[in-house]
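These are the residues of each chain, in order.
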Amino acid sequence: MSNQDDEQNRALDEQLGMLLDNRALPPAPAHLTQRILANLPPRTPLESIAGWLQTSPWRTAMAATLPILLGFSLGFSGYVADPDAVNLDVEAIVFADNLGDYLNTEVGDEF
Amino acid sequence: MLAVRNGDQEAFAVLVRRHINSLYKYALRLSRCATQAEDLVQETWLAVWKSAHRFSPGQVRLTTWLHRILHNKFVDAHRRNKLVNDSDVIDAQIDPYRPDLDAEQQQQLEHLQVQIDRLPTRQRAALLLTCAQGLSNSEAAQVMGQSRRAVESLLARARRTLKTSMPEQKV
């Protein structure tokens, strides 16, 4: 890079520094802040819920777990003894008895 | 910001007062019109209020996120031709008048301002974000939705254009 390039770069940096100095610009007018705050729309319930949920990870985790817990509680609260359960016991005894008979049968006896 | 997510208007007001000047100045330089800058800033804060839950503190700085929203609003408005074109009137608020400079330096600054205004929008935005708003190249890339290398390339091109258009320096 030549000396002329260096000088041009330095001059450009200097001028950009002066020109793009934000302190030289006026601040935002006071009425703008008022206008922004006065025109905020109310949050919809969905936006509020989304905002609340995403504030921290435990809230998201809790929201994900809640349906499972609800399912468990509903499932257990509606539990009634199955009237067919007795019959199942009887069927199990009959099955075991038959199985015993079958095992005691010698090969060829079944015909 | 957490409070803003929960709909806390007081917290939002604090946030607005803290960042509005920086955003307004960027909007003013981009749009080169006070009225349009005010509209852009208002739209930006409205978007912040509505989508505060989308801000992820670990991934991006709040300043960068705010600039990004404003930048996107500007690009949208520019596409819809809502904003002034390069040939239109430039607001007097960004007139580079500096009473501390002599006439020649003043003239040089005015010339440079005209050249900056003539730069393509993306080059101008990259230059403003890094030189005026004080963002790093990476942050400017996040604001503009570009890669860091793309922003560096835009900056290099902008500087080259400005340099070639500079009048001969008396050094």
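Report on the accompanying structure.

Conventions adopted
- Residues numbered from 1 in each chain as written.
- Chains lettered and ligands numbered in written order.
- Predicted model: local features only at pLDDT ≥ 70, side-chain atom pairs only at ≥ 80, totals over all residues.
- Heavy atoms only, no water.
- Helix = DSSP H or I, 4+ residues; strand = E, 2+ residues; numbered from the N terminus.
- Buried < 20%, exposed > 50% of the residue type's maximum accessible area, 1.4 Å probe, protein only.
- Axes fitted to C-alpha atoms, helices over the stretch in contact; angles between N-to-C directions.
- Parallel < 35°, antiparallel > 145°, perpendicular 65-115°, else oblique.
- Left-handed = near helix turned anticlockwise from the far one by under 90°.
- Contact = heavy atoms within 4.5 Å.
- Nonpolar A, V, L, I, M, F, W, Y, C, P; charged D, E, K, R; others polar.
- Buried area = accessible area lost by both parts, 1.4 Å probe.
- Salt bridge = Lys/Arg side-chain N within 4 Å of Asp/Glu carboxyl O.
- Polar contact = N/O pair within 3.5 Å; in protein donor to acceptor, adjacent residues only side chain to side chain.

Things to note about unusual backbone geometry
Residue and element names in this part refer to chain B.
So, point 1. Even without being a glycine, Arg32 presents a positive backbone phi close to 60°.
So, point 2. With respect to the helices and strands, Arg32 occurs in the loop between helix H2 (9-31) and helix H3 (34-50).
So, point 3. Judged by its relative accessible area of 2%, Arg32 falls in the buried class.

Quick notes on the packing of helix H4 (residues 62-79) of chain B against helix H6 (residues 121-132) of chain B
Residue and element names in this part refer to chain B.
So, point 1. Across the interface, H4 lies against H6 with an axial gap of 13 Å and an inter-helix angle of 160°. In terms of orientation, H4 lies roughly antiparallel with respect to H6. Between H4 and H6 lies a crossing of right-handed hand. In contact with His67, His71, Phe74 and His78 of H4, H6 contributes Thr121, Arg124, Ala125 and Leu129.
So, point 2. In terms of residue class, the contact of H4 with H6 is built from 3 nonpolar, 4 polar and 1 charged.

Some points on the interface of chain A and chain B
So, point 1. Each partner contributes to the interface: chain A provides 37 residues, whereas chain B provides 48 residues.
So, point 2. Summed over both partners, the interface of chain A with chain B buries about 4100 Å², with 59% contributed by carbon and sulfur atoms.
So, point 3. Three residues, Leu19(A), Leu20(A) and Arg43(A), lead the burial of chain A against chain B; their summed loss comes to 17% of the area buried on that side.
So, point 4. In this structure, the connection of chain A to chain B is made through 3 salt bridges.
So, point 5. Arg159(B) serves as the salt-bridge partner of Asp13(A), at 2.8 Å between the closest nitrogen and oxygen.
So, point 6. Between chain A and chain B we count 10 residue pairs in polar contact (both at pLDDT 80 or more) in total.
So, point 7. Those elements giving two or more residues to the side of chain A that touches chain B turn out to be helix H1 (3-19), helix H2 (30-38) and helix H3 (45-53) of chain A.
So, point 8. At 12 residues, H1(A) tops the list of elements feeding residues into the side of chain A that touches chain B.
So, point 9. Partitioning the side of chain A that touches chain B into residue classes produces 18 nonpolar, 11 polar and 8 charged.

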